[in-house]
Protein chains: 2
Amino acid sequence: MTTRNGLGALFEPRGIAVIGASASPGKLGAAMARSLETFAGPVMLVNSRRPDPAAGMHSSVAAAMEATGATVDLAVLCVPASATAGALAEAAAAGAGAALVCAGGFAEAGGRGLTHQADVATVVADTGIRLLGPNTSGFLAPGRGLVASFVPGAASIPAGNVSLVAGSGGIQHALAFLLAGAGLGLHLGVGIGNGLDVTAADVLDYLAGPGPVTGPVALHVEGVTDGRRLVEAVERLTEQVPVVALVVGRNDVGHLARSHTGALTPVWRTARAALRAAGAVLVDDEREMVDAIVALEQGRLDPIADPGVGLVTGQAGPAVLFTDRLKTAGVSVPPVGSATAAQLDELLPAITHQGNPVDTGRPGETFTDVLTAVGADPAIDLLAVYALLEPGALDLTAAVTAAVNRLGPAGPPVVVATGGPADDVVAARRALADAGIAAYDGVAGAVTGVRSLIDDARGRDARASAGPTVRLVVPVGFTIPVGEDEGKRLLTWLGIDTPTRQACDDHADAHSALARLGAPVVVKMLEPVVLHKAAVGGVHLGVRTDTDLESALDALDAAGARRYLVEETASAGIDLIVGARRDPVFGPIVLVGLGGDLAEDLETVAVRPAPLSEATAVGMLDELLHSPAESANGSGRNRLNRSALAAAVTALGALLTAVPELAEIEINPLRATADGRLVALDVVVGGVSEVGTVDVTHSPALATVVDGQGGL
Amino acid sequence: MTTRNGLGALFEPRGIAVIGASASPGKLGAAMARSLETFAGPVMLVNSRRPDPAAGMHSSVAAAMEATGATVDLAVLCVPASATAGALAEAAAAGAGAALVCAGGFAEAGGRGLTHQADVATVVADTGIRLLGPNTSGFLAPGRGLVASFVPGAASIPAGNVSLVAGSGGIQHALAFLLAGAGLGLHLGVGIGNGLDVTAADVLDYLAGPGPVTGPVALHVEGVTDGRRLVEAVERLTEQVPVVALVVGRNDVGHLARSHTGALTPVWRTARAALRAAGAVLVDDEREMVDAIVALEQGRLDPIADPGVGLVTGQAGPAVLFTDRLKTAGVSVPPVGSATAAQLDELLPAITHQGNPVDTGRPGETFTDVLTAVGADPAIDLLAVYALLEPGALDLTAAVTAAVNRLGPAGPPVVVATGGPADDVVAARRALADAGIAAYDGVAGAVTGVRSLIDDARGRDARASAGPTVRLVVPVGFTIPVGEDEGKRLLTWLGIDTPTRQACDDHADAHSALARLGAPVVVKMLEPVVLHKAAVGGVHLGVRTDTDLESALDALDAAGARRYLVEETASAGIDLIVGARRDPVFGPIVLVGLGGDLAEDLETVAVRPAPLSEATAVGMLDELLHSPAESANGSGRNRLNRSALAAAVTALGALLTAVPELAEIEINPLRATADGRLVALDVVVGGVSEVGTVDVTHSPALATVVDGQGGL
C-alpha cells in the first residue's frame with residue numbers, strides 16, 4: 001500500500017499488529033494495545049517470547065496474519081531499542097508497509113543508541129518500509145478510531161478537520177488537548193520524534209493529497225534537517241489549506257558562526273522566514289496556535305495584499321484595546337464608505353463612535369443591522385465583533401448569526417470576542433462555532449485569530465504577486481576566498497556601488513593613491529583571509545596627509561599586511577548589512593540588517609530564502625524598518641534608496657544561488673549616504689571550502705537579469 | 001465618613017440610596033436596585049417624581065433617611081445627565097459622602113454634555129462629595145455583597161483578594177469575569193469612566209490603606225491626566241502588593257510633536273515607562289493580565305535583581321518551548337549547583353536532561369524528589385513545572401504539593417503548567433490553586449506568570465538599588481530658545497562633550513575657523529528658531545577648501561542665515577538621540593534612542609521619568625540594546641561608553657527638572673565615535689513659552705552633583 005507518498009500504510013492501515021504486546025498493564029505494549037482497541041479494523045497482538053494464540057497473542061506478524069486472515073499494513077513496535085531492527089525486518093518481510101516506534105534509547109541517547117538507530121535505518125533502506133519515530137508518543141487519526149499513542153486520555157480527542165504535525169510527541173498531545181478544549185477535533189495528529197524516516201515534510205505531503213484535504217494544519221518545528229523539502233511541502237499545502245507554524249529555538253543560537261551573517265541568522269529566524277515565505281502563518285506559543293487554528297478552521301480570506309477589518313463593539317473600553325492590538329499586529333482597520341456611514345448614522349445614537357471601529361454603546365436592537373451594514377461595506381474583508389454577554393440585554397449569538405445569514409455566502413468571515421460568566425462564554429463560543437463563526441473569550445485570542453486570517457491571505461497574495469525571481473549567470477571565473485578589491489569588483493559587476501579606490505603593492509603606490517583620491521582616505525590591509533580587518537587593526541580612517549599615511553602603512557605592515565587598499569572616504573549615512581549565505585538546512589538565504597557596531601545588539605534583521613524577487617526584497621525592508629520610508633515626514637529624513645537596496649539584495653541572492661561553490665557574501669557596511677548613494681564599504685566573500693581557485697562558468701539555463709558583460 | 005482618602009463612603013458605605021430608582025425593569029434605576037439587593041446594609045430607593053413610601057420608594061434621600069433611620073453614605077444616581085447635578089447636591093446635603101454616576105451624556109458626548117459635567121463638577125467642588133464616574137458601569141465589592149453595576153451577571157463575580165482598577169467599565173467587567181473563570185475573586189473592582197473626581201490614583205491610594213491590603217492589583221490605563229499622582233500611588237502600593245498594568249493606546253500617537261522627542265515618545269510609551277519605574281508589572285492584553293494576577297495572587301518573590309528559575313518537565317518538547325519562551329521574556333534559567341546535580345544523577349536515568357531545565361522524561365515515582373532537589377537549590381528562586389496530566393502514570397497535584405510541603409515556607413514559589421483533557425486540566429488547576437500554587441493550562445500562560453513574578457521582584461529591587469537621583473543646580477541665566485552654540489556650551493557645562501567649533505558673524509570669521517579647525521569642517525546656519533536645520537539646507541558637511549566654504553556660506557545666506565557655526569568633523573560612529581522633555585501628563589522624562597535618519601522608522605527608544613539615577617539610566621541602555629555591551633564578542637565592537645552615556649542622560653533629566661521654564665532639550669545626534677568619544681553633534685533647546693529671556697537662578701535645595709562653576 002503506497003498511496004499518498006507511501007504513508008497510507010501508516011495513517012490508513014487495513015490492519016495493525018502490536019509487536020511486543022504485553023499482558024502487564026504498565027508496559028508500553030499493553031498501553032498501545034489498549035489505545036488501539038477503538039480502531040475499526042483488525043488489531044493483532046504479537047509477542048514472540050510469550051505467544052498465546054488462544055488468547056490472541058501471536059508469535060509473529062506472519063503467524064498473526066495466517067491465523068486471522070487479516071492484512072497488516074502497520075506494525076506498532078513496542079520492543080526495546082536493541083530489538084527494534086529485528087522486529088522491523090520481520091514485520092516488513094510479512095508485508096507491513098509502515099511501522100511506528102515510540103521507544104527511546106536511539107540516537108537521542110547517544111552511545112549504543114546510535115548503533116540501534118543505524119540498524120533500524122538499514123532495515124528501512126533495505127525494505128522500503130516507512131517508519132514514524134523512534135522517540136515519539138505516536139499519532140492520532142480519531143476519524144478512524146486510530147489512537148496510536150500511549151498517552152492516557154488521547155482517546156478523548158475528537159475527530160475533526162484539523163491536522164497537527166509536531167516535532168515533539170508531547171507538544172502534539174498538548175496541542176490536541178487544547179484544540180479539543182476549544183471544540184476542535186483532529187483529522188490527523190502526528191509526533192515526528194527522531195524523524196529517522198518520516199519527517200514533517202513527508203506528513204505535509206501526505207496531507208496535501210491526492211485525496212481530500214480537510215482543514216488547517218498546525219506545524220510545530222523544533223529542529224529541521226530537510227529545510228528545502230519542508231518549505232516546498234508548505235508551499236504546496238498552503239495552496240489548499242492554511243498552515244500555522246510554531247518554530248521554537250529562538251534562544252538556541254547555533255554553535256558555528258564564522259562571520260556576522262551566521263551570528264545574525266540563527267536557524268530560528270531562518271526557519272520562520274522560510275516558512276512565512278512559503279505561505280505559513282507564524283505563531284509564538286501553543287495558545288496562539290490554538291487561537292489561529294480556531295479562526296482558520298472556519299475558512300480563509302481570498303488572497304489580498306491588505307485586507308480591511310471592520311470592528312463592531314458593544315463596549316468602548318474593549319473597543320480601544322481591540323483596535324490598539326489589531327494595529328500593533330499590523331492589521332488595517334479602514335474607514336467605512338459614505339453609504340455605510342449614512343446607514344450607521346440612522347441606526348445609532350449620535351454619541352456612539354460610528355467610524356471604524358463602530359462602538360454601538362451597550363448593544364440594542366439594531367446590533368444585527370449594524371453588523372450587517374459594516375460587513376457589507378466594500379472596504380471590509382473581515383468582520384470582528386466584541387460584546388459582553390448580557391443576558392436580557394443582548395443575545396449575541398442570535399444577533400451575529402442573523403447578520404451572517406443576511407450577509408450571505410459572499411459576506412466576510414466573522415470573528416467574535418466576548419466576555420461574561422465563564423460557563424456562558426463557553427456556551428456562546430460553542431453556539432457560534434456551530435454556526436461557523438470563530439469565537440474567543442476575549443480580545444487577546446480574537447486578535448490572534450484575525451491576524452492569522454489576514455497573514456494567511458497576505459502570504460498567498462505575496463506569493464502570487466512576488467514577480468519574477470531574480471537569477472543571474474556568472475560568466476567568469478574567480479578565486480575564493482575573494483580579497484576586498486576583487487570582491488568590490490564583483491559587486492560592481494552586480495550593479496552595486498563601491499568607493500573609488502586603488503589597490504597598492506607598496507608605500508609609493510599608496511602615496512600616489514592619496515594624491516589621486518584626495519584627503520581624507522581610508523587605508524586598509526588587503527588580505528583575503530582576514531575577515532574582520534578592524535579587529536586586527538587593519539583599517540585606518542581619516543588619513544589626510546602623507547605623514548598620516550606613512551604611519552598608517554607602518555601599522556599595517558606591523559599587523560602583517562603585504563598589500564594595501566586606499567579608498568575615498570564615504571560621506572556619512574546609515575550603515576546596513578546585506579548578505580547572502582548558504583544555510584545548512586534551508587540553502588541559500590539573504591539577509592538585510594542594521595549595520596555598524598550595534599548590529600548584534602539590535603538583533604534587527606530580515607531574512608528570506610534566495611533566489612528572490614525584487615518585490616520580496618522590498619518586503620524585507622518593510623519588515624526591517626517598521627514603517628515604509630515613503631510615509632516619512634517632509635524633514636528630509638529617510639533618504640534610503642529602497643529600490644537600489646532591493647536590487648542589491650536580490651543580486652547577492654542570485655549570485656549565491658548561481659555559484660554553488662560560494663558559501664557567503666556579506667556587505668558590511670552598505671552605507672546609505674545622506675546624499676542618496678548606496679555604497680558598499682566592505683565585503684567578505686567566503687567559499688564552501690576554505691581556499692582554492694574556482695572556475696565558475698554557468699550556462700544561462702535561467703533568466704538572465706544581470707548581463708554578464710564584464711570580467712573581474 | 002472620610003476614612004481612607006475619603007473613599008470609605010464610596011466603597012464601604014453604611015447605607016446606600018438609589019436615586020432615580022424605577023419600577024420599569026429595563027431602566028438603569030431598576031437594574032441598579034436589583035444588583036444592590038445582595039448588599040448587607042440598607043439600600044433605600046428614591047424617586048422624586050413617583051414616590052411611593054408604602055412600597056419603599058422615597059421622595060428624597062433625606063426622606064428615606066428619616067423614614068428608615070438609616071445612614072446614606074453612598075448615593076447611586078440613576079437620573080439623566082441633565083438632572084444629575086441637582087440630585088447630587090441634594091444627596092450631599094442629606095449627608096451622603098460619595099456618589100456613583102453610571103450614565104453617559106457628559107463630557108464624552110460633547111455639546112450640552114460638557115455643561116452637565118461642569119455642573120456636576122461644581123457640586124463636587126462645593127460639597128466635597130466624592131464622585132465615581134460619570135460614564136462607568138460601576139464597581140464591585142463582592143466581599144460585602146456590594147454590586148454597584150448594571151451589568152447582568154456581575155453578581156456572579158466571587159469575593160477574593162484581587163483588586164481591579166480600570167479606566168473603562170467594560171474592561172473592568174471583562175477582567176472580573178476572566179479572573180473568576182481562573183478561580184480568582186475580587187476584593188474591589190472599579191471602572192473609572194470619565195474620572196470627573198475619583199481617578200485611578202485615588203482608588204490605588206485607597207487600596208494602599210490605612211487598613212488591610214489584600215492582594216494584587218490589576219490596573220487598566222486608557223488615558224491619564226494626573227500622571228505624577230498615578231505614578232506615586234503605584235510606588236506606594238507596590239511596596240505592599242504587586243500591581244500589574246495594562247496600558248492601551250500604543251497606536252494612538254499624540255497630535256502634537258514639535259520635535260522628534262515628541263514624536264518618539266507617545267503617551268503609551270511614557271505611561272508604561274513611568275509605571276514600570278514605579279514598580280508595576282506590564283502586560284499587553286487582558287489574558288496576560290489574568291495570567292499575571294494568577295501567579296501574583298499566590299505571593300511574590302523577594303526583591304532580587306535577577307531571580308533564577310528552575311524548570312522541571314515531564315515532556316521534552318514542552319521543555320524546549322518553555323525554556324525558549326522564558327529566555328525570550330528575559331528570564332534567567334541558571335544551572336543548578338553540583339550538589340543538586342549529584343542528586344539528580346541518582347534520581348533520574350542517564351538519558352534524561354539533568355541541567356536546567358531538568359527533563360525527567362515521562363514522570364515517574366521520583367518526580368517529587370526531583371522537584372524538591374531543584375527547588376532547594378540556592379540558585380533557584382522560583383520553581384516552574386510542566387507535565388501532561390497522565391491519569392495512572394502521574395498524580396501531578398499530589399507530586400507538586402508534596403514537594404512544596406517538603407520545601408517548606410522558605411521554599412520558592414511554584415508555577416505549574418499542564419495539559420490534558422480540558423476537564424481534567426480545570427480540576428488540576430483548581431486543586432493546585434487551593435494548595436497555593438499558580439497553575440496554567442499550558443506554557444503560554446505559565447511563562448507570563450513566571451515573568452510577572454520576576455518583573456515584580458526586579459522592579460522592587462531596581463527601586464531599592466537605584467542609587468541617588470541625579471539633580472543639579474543651575475546657577476546662571478540663559479535665554480530660551482537657546483541657539484546651537486549656546487546650547488552646546490550648556491552641554492559642556494553639563495559635562496557632555498561637543499565638537500570643537502567657532503561661531504562666526506561673517507564669511508571672514510568662517511574662513512579663519514576653517515584654517516584653525518582643519519578640513520573637513522561642518523558649516524551650519526546658526527539661528528535659534530530653526531529646529532531642523534538639515535531640512536532647510538542649513539547644514540553643509542565635508543567642507544574642505546575655501547572655495548567649498550564660500551559656496552556653502554552663500555547657500556546658507558540664501559536660506560536666510562545671519563550667523564554661522566563652523567565645526568570640526570566628528571569621526572564616524574553610532575548616532576543616538578538623547579533628550580529630556582516635559583510630558584504634559586507625566587512631567588519631566590528622559591529618552592534615549594537610536595539616532596540618524598532611521599530613528600522614527602525603528603521606534604527604538606527607552607523612556608524614564610526624570611530626575612533619575614545613573615543606575616536607572618544604565619538600565620535604559622540595557623533596554624535599548626537587547627544585550628549588554630559587555631557581552632559582546634572580542635571583535636572590537638560595542639565601543640559605546642555606557643557610563644558617559646548614562647551621565648549625559650541623567651544630566652539632561654536633572655536640567656529639565658531644575659529649570660521649569662525648559663520644555664525640552666534634545667541632542668540629536670549624540671555620536672559614539674569609533675575611538676570611544678561621545679560627542680553631541682547638534683542640540684535643540686525649547687522653552688515652555690515660545691521666546692523670551694529666562695533668568696534661571698535656583699537655590700541649591702537639592703543635592704548638587706554637577707558643580708555650577710561656569711556660566712554660559
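Scoring rules and cut-offs
- Residues numbered from 1 in each chain as written.
- Chains lettered and ligands numbered in written order.
- Predicted model: local features only at pLDDT ≥ 70, side-chain atom pairs only at ≥ 80, totals over all residues.
- Domains from an automatic or database assignment.
- Contact = placed C-beta atoms within 7 Å.
- Helix = DSSP H or I, 4+ residues; strand = E, 2+ residues; numbered from the N terminus.
- Axes fitted to C-alpha atoms, helices over the stretch in contact; angles between N-to-C directions.
- Parallel < 35°, antiparallel > 145°, perpendicular 65-115°, else oblique.
- Nonpolar A, V, L, I, M, F, W, Y, C, P; charged D, E, K, R; others polar.
- Pairing = 2+ DSSP bridges.
- Buried ≥ 20, exposed ≤ 12 C-beta atoms within 10 Å, placed from the backbone.
- Right-handed = clockwise from strand over helix to strand, strands pointing away.

Some words on the domain arrangement of chain A
All names here are of chain A.
Consideration 1: Each assigned domain of chain A is listed with its residue range as follows: domain 1 (8–296), domain 2 (309–465), domain 3 (500–568) and domain 4 (573–694).
Consideration 2: Each of domain 1 and domain 2 was reduced to a C-alpha centroid, and the two centroids are 38 Å apart.
Consideration 3: At the junction of the two partners, domain 1 supplies 14 residues and domain 2 supplies 16 residues.
Consideration 4: The element that contributes the greatest number of residues to the side of domain 1 that touches domain 2 is helix H11 (residues 286–296), accounting for six residues.

Some thoughts on the packing of helix H4 (residues 81–93) of chain B against helix H5 (residues 112–127) of chain B
All names here are of chain B.
Consideration 1: Where H4 contacts H5, the axes come no closer than 8 Å and their chain directions differ by 10 degrees. By the criterion of interaxial angle, the relationship of H4 to H5 is roughly parallel. When H4 is examined against H5, the residues Ala 81, Ser 82, Thr 84, Ala 85, Leu 88, Ala 89 and Ala 92 are found in contact with a partner set consisting of Gly 113, His 116, Asp 119, Val 120, Val 123 and Thr 127.
Consideration 2: Taken together, the residues of the contact of H4 with H5 break down into seven nonpolar, five polar and one charged.

Describing the sheet that holds strand E20 (residues 501–504) of chain A
Residue and element names in this part refer to chain A.
Consideration 1: The four strands are arranged E20-E23-E21-E22 in an open sheet whose pairing can be described as antiparallel. Here the strands that pair on one side only, and so sit at the sheet edges, are E20 and strand E22 (539–543). Adjacent strand axes in the sheet meet at a mean angle of 15 degrees, parallel and antiparallel pairs treated alike.
Consideration 2: Bridge count for strand E21 (residues 521–525) against strand E23 (residues 564–568) is five bridges, and the pairing is antiparallel.

Some remarks on the pairing of strand E14 (residues 309–313) of chain A
Residue and element names in this part refer to chain A.
Consideration 1: Within E14, five of the five residues are buried, leaving the element largely enclosed by the surrounding structure.
Consideration 2: Every second residue of E14 is oriented toward a common face, with Val 309, Leu 311 and Thr 313 on one face and Gly 310 and Val 312 on the other, all of them buried.
Consideration 3: Relative to strand E16 (residues 382–388), E14 runs parallel, the two being bridged by five bridges. Considered in E16, the bridge of Val 312 is made with Val 385.

Brief notes about the sheet that holds strand E2 (residues 43–46) of chain A
Residues and elements named next belong to chain A.
Consideration 1: On the basis of which strands lie adjacent, the open sheet formed by six strands has the order E3-E2-E1-E4-E5-E6 and parallel pairing. The two strands at the open ends of the sheet, each matched to only one other strand, are strand E3 (57–58) and strand E6 (130–132).
Consideration 2: Contacts from helix H4 (residues 81–93) reach strand E1 (16–19), strand E4 (74–77) and strand E5 (98–101), with the element oriented near 165 degrees to E4.

What about the pairing of strand E12 (residues 243–247) of chain A?
All names here are of chain A.
Consideration 1: In terms of residue burial, E12 counts as a mostly covered element, since five of its five residues are buried.
Consideration 2: Residues Val 243, Ala 245 and Val 247 line one face of E12 and the alternating positions Val 244 and Leu 246 line the opposite face, and both faces are buried.
Consideration 3: In the sheet, strand E11 (residues 217–221) pairs with E12 via five bridges, with the strands oriented parallel. Across the sheet, the residue bridging to Val 221 is Val 247, located in E12.
Consideration 4: Following the chain from E11 across helix H8 (residues 227–238) to the adjacent parallel E12, one finds a crossover that is right-handed.
Consideration 5: Where E12 meets strand E13 (residues 281–283), three bridges bridge the pair, whose relative direction is parallel. Opposite Val 244, over in E13, you have Val 281 as the bridge partner.

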